[in-house]
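Here is how the chains run, residue by residue.
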Amino acid sequence: MNWEQLLSLKRFGDTNKRLRKEQDETRLGFEVDYDRVIFSSAFRSLQDKTQVIPLSKTDFIHTRLTHSLEVSVVGRSLGRIVGKKILEKHPHLKEVHGYHYNDFGAIVAVASLAHDIGNPPFGHSGEKAIGEYFKTGNGQKYKDKLTPKEYQDIIDFEGNANGFKLLTESRTGVEGGLRLSYATLGTFMKYPKESLPKKPTKHIADKKFGFFQTEKDFFSEVAKELGLLQTRDGKDISFSRHPLTYLVEAADDICYTIIDFEDGINLGLISEDYALEYLIKLVKDKINTKKYNQMVFMQDRLSYLRALAINTLITDAATIFLENEEAILEGSFDVSLLDKSNYIAQIKDIISLSVSKVYKSQEVIEKEIAGYKIISDILDVYTNALVKTAEGTASNYDSIVLQTLPEHYQNTDAPLYSLLLNTCCYVASLSDSGAVHIHNKIMGKQL
């Protein structure tokens, strides 16, 4: 892979090449991408989607929205640090093509901003709940009517694939969705493969999948325009990662490791003394002991350690990327950046404590159980209504129910796979409280 191709400014529908040196510096294409994501309705819905605690009543706790904004800030820093060194190593990118190190920061920032845009309500358990409905619930009756890849798409419903769909899906009068630059879309592609074969290798890019069957043609177009390497021959679509994807992943890993841990402390799920000890181990070489000891309040001490920890991991991740640039460009770097971190032991300790004390806390588990039921019931009502309408066997109830769907989800003149996938995507678009509200309505619990 080469950086000139990887930094493509091309957008859906372009007939002429967009050259970096001809860009308006006050309205750079990659920065336009950021604006388009942040003003989208899909991004706004993240303000009421779970990051750690579903339906939390505490204002302080992060949502998918605040998490995404923080990941974007960290990603921008990573991109700029790496971009500066890349331009020094490959000066023709600046001298001939006009690229700046801020371009790298802008691309990583917008892909980071959008990285959770396709996630359903109730956190990762929401993805599992959608899949389980079709794998073990009432939706399994559709298995024999779908191709293996279509069925895999919905039983392993993937927020990353839904995010790609949201960013790129054409609707009447809106061709190409948000029409983001291909460099941004490539960087967003965390798992550049289809749902089957499942985990064909231990390479980090094969861990999940990145697009549904409905987007496979455009996905391939973007990958080929960027010069991503095809990793398997034959009928299965699979490409190497865009190098900057590793920075998006690192930004996400840094934020959820440190900030989810911080949320656990502020919720009282993790004791302050125990938690501060873990963070101090991570930043012991950088901490200003005098400044730290002058802080009276726990939240101030915690904020100071959090800032030091994030900065430490940013520097570390950028160094790992630059040291492995050649392997990353060859597609042979097969783990995340933080897996190679000098602080991997400390990171694992923090994540382990977060898992036991926060992610598996009674409050989280109880709300995840409720989320499973809510999502299953909503899927049952709407898939039945859509499929029966398409088959001409809809009841009056089915017809009424369909009227509550947003207009672009009401079309029943489509293959079964599209009907089922669109229902999944509709459920994924709901906020936590929106899902609860709709469930109460359709179950007759609220007028």
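Relevant structure appears above.
Computed from a predicted model, the values in this text were never measured in an experiment.

Q: Give me the side chain of Ser8: which residues, what numbers.
A: Mapped onto the secondary structure, Ser8 falls in the loop between helix H1 (3–6) and helix H2 (29–38). Overall, Ser8 belongs to the buried group, its relative accessible area being 8%. Setting aside its immediate chain neighbours within four residues, Ser8 contacts Phe30, Ser181, Tyr182, Ala183, Glu225 and Leu226.

Q: Lay out helix H12 (residues 245–266) in plain terms, naming residues and giving numbers.
A: For H12, which comprises 22 residues, the first-to-last C-alpha distance of 31 Å matches the rise-based estimate of 32 Å (1.5 Å per residue) to within 8%. Of all 22 residues making up H12, 20 are buried, and the element is well covered by its neighbours. Taken from the residues just after H12, Gly268 is the one with a positive phi, measuring 80 degrees.

Q: For the packing of aromatic side chains, give the residues involved together with the corresponding values.
A: Overall, the coordinates contain 14 aromatic pairs when judged by the stated rule. Ring geometry for Phe209 and Phe212: centres 6.2 Å apart, planes at 65 degrees, overall edge-to-face. The pair formed by Phe209 and Phe212 is uniform in burial state, with each residue classed as buried. One cation-aromatic arrangement involves Lys281 over Tyr278; the distance from NZ or CZ to the ring centre is 5.6 Å.

Q: Go over the nonpolar core with me, naming the residues and quoting the values.
A: Membership of the largest hydrophobic core comes to 91 residues, with the highest contact counts inside it found for Trp3, Val37, Leu78, Phe261, Phe321 and Leu337. Per-element tally for this core: the top contributor is helix H15 (residues 298–323), with 12 residues. Those residues in contact with Phe321, other than ones at most four positions away along the chain, are Trp3, Val82, Ile86, Pro243, Tyr246, Leu247, Ile328 and Leu337. Counting 40 residues, the second largest nonpolar core, distinct from the first, contains Phe134, Tyr142, Phe157 and Tyr426.

What counts and what doesn't
- Residues numbered from 1 in each chain as written.
- Predicted model: local features only at pLDDT ≥ 70, side-chain atom pairs only at ≥ 80, totals over all residues.
- Heavy atoms only, no water.
- Helix = DSSP H or I, 4+ residues; strand = E, 2+ residues; numbered from the N terminus.
- Buried < 20%, exposed > 50% of the residue type's maximum accessible area, 1.4 Å probe, protein only.
- Contact = heavy atoms within 4.5 Å.
- Expected span 1.5 Å × (residues − 1).
- Phe/Tyr/Trp six-rings, centres within 6.5 Å; stacked < 30°, edge-to-face > 60°.
- Lys NZ or Arg CZ within 6 Å of the ring centre and 35° of its normal.
- Core = buried A, V, L, I, M, F, W, Y, C linked by side-chain atoms within 4.5 Å.

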